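# Overview (structure and organization)
As a plain string of letters, each chain reads:
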Amino acid sequence: MYDPSHLRTFLTVAQTLSFTQAARRLGLRQSTVSQHVRRLEDAAGRQLFSRDTHSVELTEDGEVMLGFARRILEVHEQATAFFTGTRLRGRLRFGASEDFVLTRLPEILEAFRYDHPEVDLELTVELSGTLHEQLAAGKLDLVLAKRRPEDPRGEPVWHDELVWIGAERLRLDPDRPVPLIVYPPPGITRALAMEALERQGRAWRVVCTSGSLNGLIAAARAGLGVMAHSRGLVPPGLVRVPDRAGLPELGQVDFVLVHGHRRTSAQSAADALAAAILTSGDRLHRR
């Protein structure tokens, strides 16, 4: 009833919320992407996206289809691997940034390990900047992390806005330096936050430095200061700092997948994990 190629296209559009970006990622014409979605909607008898010239959003039926589409594709891939004998093997060194500690990335990795039990998956959780350095040094095979605005490398998983967050009761004194809660260097959000404040001519001081997201969250919940964070990943117990605080805009951030330059025995496994993350990337930031 449901064509796997149509389901893959649907998941990519659901993740990017853009027919243009989905077409680019899948290597298809935009008209083909539209055709796949239309045929899936015809098969389901429901509208899966509400769209106009400016935006694309999932309908309630589209949200339901997300879960079905993932499960159908997972079973389809398991059957294909079983009957073709193409079982993946090898050691896969995967790096994920601290941003994903509180997301549903573990569910994606668990499904990958279930589908590919002979892959020896090694997970490294670090700062985005550190992961990029380890990838360049050949210590990792695949990285899921933020990238610097000027860096063209990597395949986008999603595009988000950086915002200031803190405890709901926190009040900033406009006559005192902004209290910053930051990752240590080479943290990407650290650099972006400091650069934005310096462009505004606003004084700042570091009140907490931690290489752990949980450490930063604890400091923010205690009301020590503010931190720059992805809008789609705001942790429970913290809120966006209101505009009246006068903090500068932080701009956009890309979360990307980057492959190592060296061909390794786990290259096929890295490709498979990258595909799984791209297919399920919306689960990383949907509540």
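Before reading further, recall that the structure is shown in the block above.
Residues numbered from 1 in each chain as written. Predicted model: local features only at pLDDT ≥ 70, side-chain atom pairs only at ≥ 80, totals over all residues. Heavy atoms only, no water.

It is worth spelling out the overall build of the protein at this point. Of regular secondary structure, the protein possesses nine helices and 11 strands. Principal-axis analysis of the C-alpha atoms gives the protein an extent of 65 × 45 × 30 Å. With 287 residues in all, the protein has 47% of them scored as buried. Split by element, the accessible area of the protein, about 14,600 Å² in all, is 49% carbon and sulfur. Considering the protein, the positive charge centre built from 37 side chains and the negative charge centre built from 36 side chains are found 1 Å apart. (Helix = DSSP H or I, 4+ residues; strand = E, 2+ residues; numbered from the N terminus. Buried < 20%, exposed > 50% of the residue type's maximum accessible area, 1.4 Å probe, protein only. Areas by Shrake-Rupley, 256 points an atom, 1.4 Å probe, with all protein chains shown as cover. Lys, Arg positive; Asp, Glu negative; His and termini not counted. Charge placed at Lys NZ, Arg CZ, Asp CG, Glu CD.)

Here we come to helix α2 (residues 19–26). Burial in α2 covers these residues: Phe19, Ala22, Ala23 and Arg25. Each buried residue of α2 lies within a common arc of 165° when the element is viewed along its axis, so the set occupies one face. In the core, the buried residues of α2 are packed alongside α1 (4–16), α3 (30–44), β1 (49–51), β2 (56–58), β6 (155–166) and α9 (267–280). Capping of α2 at its N-terminal end is provided by Ser18; its side-chain oxygen lies 3.3 Å from the backbone amide nitrogen of Thr20. (Arc of directions from axis to C-beta. Contact = heavy atoms within 4.5 Å. Polar contact = N/O pair within 3.5 Å; in protein donor to acceptor, adjacent residues only side chain to side chain.)

A separate point is the packing of α1 against α3. Packing of α1 against α3 leaves a shortest axis separation of 9 Å and a crossing angle of 110°. Between α1 and α3, the angle is such that the two are roughly perpendicular. When α1 is examined against α3, the residues Ser5, His6, Leu7, Thr9, Phe10 and Val13 are found in contact with a partner set consisting of Val33, His36, Val37, Arg39 and Leu40. Here the contact of α1 with α3 is composed, by residue class, of six nonpolar, four polar and one charged. (Axes fitted to C-alpha atoms, helices over the stretch in contact; angles between N-to-C directions. Parallel < 35°, antiparallel > 145°, perpendicular 65-115°, else oblique. Nonpolar A, V, L, I, M, F, W, Y, C, P; charged D, E, K, R; others polar.)

Opposite charge on two side chains makes pairing possible when the charged atoms of those side chains draw close. Taken as a whole and assessed by the stated rule, the structure comprises 11 salt bridges. With a closest N to O distance of 3.9 Å, Asp160 and Arg231 form a salt bridge. Of this pair, Asp160 sits in strand β6 while Arg231 is found in the loop between β9 (227–230) and β10 (239–240), placing the two residues 71 residues apart along the sequence. Residue Arg231 is classed as partly exposed on the basis of its relative accessible area of 44%. Shared partners join several salt bridges into a network, and the residues in it are Asp160, Glu161, Arg231 and Arg240. (Salt bridge = Lys/Arg side-chain N within 4 Å of Asp/Glu carboxyl O.)

What follows is about the packing of aromatic side chains. Going through the model one piece at a time under the given rule, you end up with five aromatic pairs. With 5.4 Å between their ring centres and 50° between their planes, Phe10 and Phe49 make a pair best called tilted. Residue Phe10 is found in helix α1, and its partner Phe49 is found in strand β1; the two are separated by 39 residues along the sequence. Residue classification places Phe49 among the buried residues on the basis of a relative accessible area of 0%. Ring plane angle 70° and centroid distance 5.6 Å describe the contact between Phe100 and Phe255, whose orientation is recorded as edge-to-face. In this pair, Phe100 is assigned in the loop between β3 (90–97) and α5 (105–115) and Phe255 in strand β11 (residues 252–259), connecting sequence segments 155 residues apart. The exposure classification of Phe100 matches that of Phe255, with both residues buried. Each residue in the set Phe10, Phe19 and Phe49 is aromatic and connected to the rest through ring pairs, giving one cluster. (Phe/Tyr/Trp six-rings, centres within 6.5 Å; stacked < 30°, edge-to-face > 60°.)

With that settled, the discussion passes to the pairing of strand β7 (residues 178–182). In terms of burial, β7 is largely enclosed, as five of its five residues are buried. Burial along β7 is two-sided: the face carrying Val178, Leu180 and Val182 and the face carrying Pro179 and Ile181 are both buried.

Here α3 spans 21 Å end to end across 15 residues, near enough to the 21 Å set by a 1.5 Å rise per residue. Taken as a whole, α3 has its buried residues at Val33, His36, Val37, Leu40 and Glu41. The arc that holds every buried residue of α3, seen down its axis, measures 130°, which confines them to one face. Residues of α3 that are exposed and point over 90 degrees away from its buried face: Ser31 and Asp42. Two residues or fewer after α3 comes Gly45, characterised by a positive phi angle close to 70°. (Expected span 1.5 Å × (residues − 1).)

Another aspect to go through is a nonpolar patch on the surface. A cluster of nonpolar side chains, contributed by Val101, Leu102, Leu123 and Val125, occupies part of the molecular surface with about 310 Å² of accessible area. Residue placement: Val125 occurs in strand β4 (residues 119–126). (Patch = residues over 30% accessible without salt bridge, like charges linked within 9 Å, V, L, I, M, F, W, Y side chains within 5 Å.)

Turning our attention to the environment of Arg46. Within the element layout of this structure, Arg46 appears in the loop between α3 and β1. When its relative accessible area of 47% is taken as the criterion, Arg46 is described as partly exposed. Distance in space between the C-alpha atoms of Arg46 and Leu278 is 25 Å, their sequence separation being 232 residues.

Once that is clear, we can look at the environment of Pro185. The residue Pro185 is located in the loop between β7 and α7 (188–200) in this model. The spatial distance from the C-alpha of Pro185 to the C-alpha of Leu127 is 8.7 Å, given a sequence separation of 58 residues. In this structure, Pro185 is in contact with Leu127 and Arg190, ignoring residues within four places of it in sequence.

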